[in-house]
Amino acid sequence: MATTKTEPKPAGAADSEIKSAGKTYEGLSREQLVEAYRIIYTSRRLDDREIMLKRQQKIFFQISGAGHEAVGVAAGFALKPGYDWFYPYYRDRALCLALGATPYEMLLQAVGAAEDPSSGGRQMPSHWSYPRLNVVTQSSPTGTQILQAVGCAETGRYFAAHPEAAKKGTGDYRQFRDVVFHSDEVTYVSLGDGTTSEGEFWEALNTASNRRLPLVFVVEDNEYAISVPVEVQTAGGNISRLVAGFPYFHFEEVDGTDPVATYAAFVRSVAHCRAGDGPAFIHAHVIRPYSHSLSDDERLYRPDAERQRDAQRDPISRLQMFLLREGVLEEKGINLLEKQVEDELQAAVDRALEAPPPTPDTVTRYVYSPDLDPTSSAFETQPVVAKAEAAPTDGKKAAPKTMADLINATLRDEMQRDERIVIFGEDVADCSREQYLRQKMVKGKGGVFKLTSGLQCEFGSDRVFNSPLAEANIVGRATGMATRGLKPVVEIQFFDYIWPAMMQLRSELPLIRWRSNNGFSAPAVVRVAIGGYLTGGAIYHSQCGESVFTHIPGLRVVFPSNALDAAGLLRTAIRCDDPVLFLEHKRLYRETFGRAPYPGPDYMVPFGKANILQPGTDLTVITYGAVVPRALQAAQKLEREHGVKAELIDLRCLNPFDWEAIAASVRKTNRAIVAYEDTLSWGYGAEIAARIADQLFDHLDAPVRRVAAMDTFVAYQPILENAILPQTADLYRAMKELAEF
Ligand SMILES: Cc1ncc(C[n+]2csc(CCOP(=O)(O)OP(=O)(O)O)c2C)c(N)n1
Ligand SMILES: [Mg+2]
C-alpha cells in the first residue's frame, strides 16, 4: 500500500501531483485514489450499460451497485483476492472489480453466456462467483451467505491447526478437493440494512463472536430494503447500536460514500481479524441513487427531495471533487480516464453480446459431482467381519451390533481415516466443559441418542463440538466449511426441527455446485433422526417428510432400515462428493431387527441400489425405513396363511432410487404396493406409483396401491398413534387384497 515516488504518473495527473507525490490518504497513495476512481466509475457505468441493455431486451435482469461503490473499493484495497475469502452480495460490483473481476466477465453473466465464469448462464447478473479470487458463489435469498461465511472463517482456522488435513487424500472426495488456506486469512461478508432483519444474521454474529472468528461483517446501509425504510427493519433505526453488545468485535460506523474514510475503517477491521482478536463489524452508510432493481420504481415511495439529498453524497462526484481538490487529477485527466473506461466498456459489451449461450443439453450438468459417482461399484465393498467376532475362541459369538452402534463405529472409523471430518450439532459433544471430562467427573453425553458418544473424547473438541440451538446455523456453517474442503458431518437432532434450516437445505447446500457451474461445491453430510412408532413421541418427535427433500435436485437422500446398511451407506455419504441428507429412524436405532456384526472400516453400500429383502412372485412391496420390518412381518404372515409370496424391496436410498430393481420386480409380479410411514397424499410413494403406472402399465394386473400414514399428525396417545401410522395389519390387508385382485 505504500506510495513510491518512482511509480509512473497516472494519465492526466495534475502538475501538483508531482509536488505532493508520496502523500497518502489514510494509507492510500495518489495512484490508488486514481485507481479507486477508475473502479468506482467503471462500476457505475457498467450498471448504466446493463440498464440500457435491459431496456433493449438484450439482457433479462439488472440490479445495480450504484451508491455502494466506495465501500467495495475500500474493501478490495484492504483485503487480498485469492488469499482472503469473499461472500459479497449483489450490490458489490465495485468490490469484485477491485478484486480483479473484469467488466467483460460481469457482462457474460448479464447476457447469460455459456462462458459466464460465475454461473455459466444459470444465475442472474450480480450473483458473483469467481473461484480464482476466492469470491464464493452467491444466491438470491437475502442473508444466506452470512452463516456460510462463518463456516468459511472456521475452516481457515481449522486447517491452520490441522495442516495435515489439507493434504490430498485418496479413495474419496478429497481427490477432487484441493485445499488452500492461510493462517491469517480473513473472510468478508456483506449484506444490506434490510437483511439484518433475517435471523441468520444474528446467528452468525453470535457464532463469530463466540468463536472469535476472523470475519468482517459489512452492512451496506442505504436505508431501504426495496421500499421498506430502515426504521421499520431495525429497532431504533441504527443497526450499530443493536449489535454493540457482542464481545470480541471491532466496530466501525462510517460514511460509506467516502472511500478514504471507509478504507481506513477496513484497514483497522482487517488488522483486528488478521491478528486473531475476533470479528469486525463495519456499518457503512451509503446511498441508493437508482431504484432497487429495474423491476422497481422508487418514485412510488421516495419523494424527489429525499433522492436529491442522497445525490449530494454520490460517491462518484465526491471522489471526483476530492481528486480535483487535492490536485491528484485535473478535469482533463478525469475526462481522459472516463473516456478510457467508456471505450473499454463498449468493447466488453460488443464482445459479450457475441458470446454464445449455453446449450439446453447442458442443464443437468453439475447437479451432482462429475468426478465421483456414489452409485458406482467403487462404493460397493463386502463386510469384513473380524475373526474374533465371527468365531470367537470362547465359543460365544459377539452380540450383533445395533444401528446406533454401527453408525457410531462408522463415524469413529471415518474420523480416524479423514482428518477433514468435523462433527457438530446440538448435544453431539461428550461435554462442552472439557475440564469435567479431563477430571473424570462425568462420562459425557454424545448426542441425545448417543450416536456421537465418545467422539469428542477421542478426536478432540475442535473436531466434535456442540452448536448453538439453531438449525440454520448448523447447516449454513457446514455449507461454508464443505465449500472449502472440510467434510462436516452434522446432526439435526430431530427431523421435526429441521425446518429452521430449510432455506440452507433447499436453496444453498445442494445448489452450490450447479449454480456456480462447478466452480464450487459443498459435499456435507446432514444426519437427521427421523420418524415415529415411538409410543408417546407425539406430533413433534415423530414426523417424516422425506419427500420434501427428495424433491430437491442436488441432494442425495438416504434412509437405511438396518444396522449394516446404515454403516455402509453412511460411509458412502461421507466419502462421496455430493451433499447427503442421511435419515436415521429413531425407532430402528436399537431395534432387534436388522442388527449385524461390525462390518469393518471400509464397508460401503453404493447409493441407489435397493435390497431385495425377500424374493417373491405374487406381488411387489416397495418400502424403506421403519416400514421394512413391518412389511416383512406382514409378508411372512401372508405366505404362512395364504401361500402368497410377496417380493419385498427395501429402497435404502431415496434419491437416487433403484428404478431398475422396482421395474424388474413389477414385470415379474405384475402387482405393486408402495408403503411408507409419511402421510399418504403427495408422499414419496406418489412418485414411485406414478412411474410404475407410466412406464410399466402393460405389466400391471392390478392398480398400484399405497399404504401410508393418515393425512394428519402423529398423536401422543398410543391408541391414536397406532391408528395414524401404517401398521403390520394394514400392510397385511393391503397385500392380501392386491394379491386377490
Ligand atoms: C429471503 C428473501 N426474502 C425476500 C427477498 C426479496 N428481496 C430481494 S432484495 C430485498 C431487499 C434487500 O434489502 P437490503 O438488505 O437493505 O439490501 P439492498 O437491496 O438495499 O442493498 C428483498 C426483500 C429475497 N431475495 N430473499
Ligand atoms: Mg438496503
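## Some words on the site of ligand 1
Taken together, 18 residues sit near ligand 1, with Tyr89, Tyr90, Gly194, Thr195 and Tyr224 positioned nearest. Here a nitrogen atom of ligand 1 and a backbone polar atom of serine 140 are 2.9 Å apart. Within the complex, the protein chains bury 74% of what would otherwise be the 580 Å² of accessible surface of ligand 1. Here the residues of the shell around ligand 1 are counted per class, giving seven nonpolar, eight polar and three charged.

## So, the environment of glutamate 546
When you line up the elements, glutamate 546 lands in helix α21 (residues 546-550). Take glutamate 546: its relative accessible area is 1%, and that puts it in the buried class. For glutamate 546 and valine 558, which are 12 residues apart along the polypeptide, the C-alpha to C-alpha distance reads 9.4 Å. If near-sequence neighbours (up to four positions away) are discounted, glutamate 546 is found in contact with Phe495, Ile530, Phe559, Leu583, Tyr624, Leu654 and Asp678. Looking at glutamate 546, its side chain comes within polar contact range of the side chain of tyrosine 624, at 2.6 Å.

## Comments concerning the packing of helix α2 (residues 30-55) against helix α13 (residues 331-354)
Relative placement of two packed helices is described by the angle separating their axes and the distance separating the axes. At a closest axis distance of 10 Å, the pairing of α2 and α13 adopts a crossing angle of 40°. Here α13 runs oblique to α2, going by the angle between their axes. Taken as a pair, α2 and α13 cross one another with a handedness that is right-handed. Contacts from Val34, Tyr37, Arg38, Tyr41, Thr42, Arg45, Leu46, Arg49 and Leu53 in α2 reach Ile334, Leu337, Glu338, Gln340, Val341, Glu342, Glu344, Leu345, Gln346, Val349 and Leu353 in α13.

## Description of the coordination of the magnesium ion (ligand 2)
Tetrahedral metal sites with four donors have an ideal angle of 109.5 degrees; octahedral sites with six donors have ideal angles of 90 or 180 degrees. Asp193 (OD), Asn222 (OD1) and Tyr224 (O) make up the full set of protein donors to the magnesium ion (ligand 2), lying at 2.0 to 2.1 Å. On the primary sequence, the residues serving as donors to the magnesium ion (ligand 2) are separated as D-x28-N-x1-Y. Taken as a pair, aspartate 193 in the loop between β2 (187-192) and α7 (199-210) and tyrosine 224 in strand β4 (residues 224-225) lie far apart in primary sequence, 31 residues in all. By the burial criterion, aspartate 193 is buried, and tyrosine 224 matches it.

## As for the pattern of salt bridges
Evaluated as defined, the whole model comprises 54 salt bridges. Arginine 268 serves as the salt-bridge partner of glutamate 252, at 2.7 Å between the closest nitrogen and oxygen. Taken together, the positions of glutamate 252 in strand β6 (residues 250-255) and arginine 268 in helix α10 (residues 259-274) put the pair 16 residues apart, joining distant regions of the chain. Here arginine 515 makes a salt bridge to glutamate 508, at a shortest N to O gap of 3.0 Å. The structure contains a network of salt bridges with shared partners spanning Asp172, Arg174, Asp413, Glu414, Arg417, Asp418, Arg571, Arg575 and Asp602.

## Overview of the pairing of strand β3 (residues 215-221)
Burial runs high along β3: seven of the seven residues are buried. Side chains Leu215, Phe217, Val219 and Asp221 project from β3 onto one buried face, and the interleaved Val216, Val218 and Glu220 project onto a second face that is buried too. Pairing analysis gives six bridges linking β2 to β3, with the strands arranged parallel. Along β3, the bridge assignment pairs serine 190 with valine 218. Following the backbone out of β2, through α7 and into the adjacent parallel β3, one traces a crossover that is right-handed. As judged from the six bridges shared by β3 and strand β7 (residues 280-285), these two strands associate in the parallel manner.

## Observations regarding the sheet that holds strand β19 (residues 705-709)
Strand order in the open sheet made by the five strands is β14-β16-β15-β18-β19, with mixed pairing throughout. If you trace the sheet from one side to the other, it starts and ends with β14 (611-614) and β19, each paired once. Across this sheet, the average inter-strand angle for adjacent strands is 25°, counted without regard to direction. Note that strand β18 (residues 672-679) and β19 share four bridges and pair parallel. Bridging from a neighbouring strand, alanine 675 pairs with valine 707 of β19. Across the sheet, helix α27 (residues 728-740) touches β15 (619-623), β16 (646-650), β18 and β19, and the angle it forms with β19 is around 170°.

## Remarks on the environment of isoleucine 492
By the secondary structure assignment, isoleucine 492 is in strand β10 (residues 487-492). For the pair isoleucine 492 and arginine 571, spaced 79 residues apart in sequence, the C-alpha to C-alpha distance is 18 Å. Discounting chain neighbours no more than four positions away, the residues touching isoleucine 492 are Glu471, Ile474, Val475, Tyr497, Ile498, Val526, Arg527, Val528 and Ala529.

## Thoughts on helix α5 (residues 103-111)
α5 sits mainly inside the fold: nine of its nine residues count as buried. Those residues of α5 not exposed but buried are Pro103, Tyr104, Glu105, Met106, Leu107, Leu108, Gln109, Ala110 and Val111. Taken together, the buried residues of α5 touch α2, α4 (93-99) and α13. Positioned one or two residues after α5, glycine 112 has a phi angle of 75°, which is positive.

## Points about the state of the cysteines
Per the stated rule, a full pass over the model turns up zero disulfides. Cysteine cysteine 152 is unpaired, with the sulfur of cysteine 273 as its nearest cysteine sulfur at 12 Å. The exposure class of cysteine 152 is buried, given its relative accessible area of 0%. No disulfide involves cysteine 544; its sulfur sits 16 Å from the nearest other cysteine sulfur, which is in cysteine 653.

## Notes on the sheet that holds β3
Strand order in the open sheet formed by five strands is β1-β2-β3-β7-β6, and the pairing between neighbours is parallel. The open sheet has two free edges, formed respectively by β1 (85-87) and β6, since each of these has just one partner strand. The sheet shows a mean angle of 15° between the axes of neighbouring strands, taken without regard to direction.

## Here we look at a nonpolar patch on the surface
Residues Ile539, Tyr540 and Phe713 make up a contiguous nonpolar surface patch of roughly 340 Å² in combined accessible area. Here phenylalanine 713 is to be found in the loop between β19 and α26 (718-724).

## As for the packing of aromatic side chains
Counted under the stated rule, the structure contains 24 aromatic pairs. Judged by centre distance (5.4 Å) and plane angle (20°), the rings of phenylalanine 249 and phenylalanine 251 are stacked. Owing to a relative accessible area of 10%, phenylalanine 249 belongs among the buried residues under this scheme. Pairwise contacts between aromatic rings join Phe201, Trp202, Phe217, Phe246, Phe249, Phe251 and Phe281 into one cluster. Across the ring face of tyrosine 83, the terminal group of lysine 80 is positioned such that the distance to the ring centre comes to 4.0 Å. If you follow lysine 637 out to its NZ or CZ, it ends over the ring of tyrosine 732, 4.1 Å from the centre.

What counts, and at which threshold
- Residues numbered from 1 in each chain as written.
- Chains lettered and ligands numbered in written order.
- Predicted model: local features only at pLDDT ≥ 70, side-chain atom pairs only at ≥ 80, totals over all residues.
- Heavy atoms only, no water.
- Near = heavy atom within 4 Å.
- Polar contact = N/O pair within 3.5 Å; in protein donor to acceptor, adjacent residues only side chain to side chain.
- Areas by Shrake-Rupley, 256 points an atom, 1.4 Å probe, with all protein chains shown as cover.
- Nonpolar A, V, L, I, M, F, W, Y, C, P; charged D, E, K, R; others polar.
- Helix = DSSP H or I, 4+ residues; strand = E, 2+ residues; numbered from the N terminus.
- Buried < 20%, exposed > 50% of the residue type's maximum accessible area, 1.4 Å probe, protein only.
- Contact = heavy atoms within 4.5 Å.
- Axes fitted to C-alpha atoms, helices over the stretch in contact; angles between N-to-C directions.
- Parallel < 35°, antiparallel > 145°, perpendicular 65-115°, else oblique.
- Left-handed = near helix turned anticlockwise from the far one by under 90°.
- Donors = N, O, S within 2.8 Å, 3.2 Å for Na, K, Ca; no water.
- Salt bridge = Lys/Arg side-chain N within 4 Å of Asp/Glu carboxyl O.
- Pairing = 2+ DSSP bridges.
- Right-handed = clockwise from strand over helix to strand, strands pointing away.
- Disulfide = S-S within 2.5 Å.
- Patch = residues over 30% accessible without salt bridge, like charges linked within 9 Å, V, L, I, M, F, W, Y side chains within 5 Å.
- Phe/Tyr/Trp six-rings, centres within 6.5 Å; stacked < 30°, edge-to-face > 60°.
- Lys NZ or Arg CZ within 6 Å of the ring centre and 35° of its normal.

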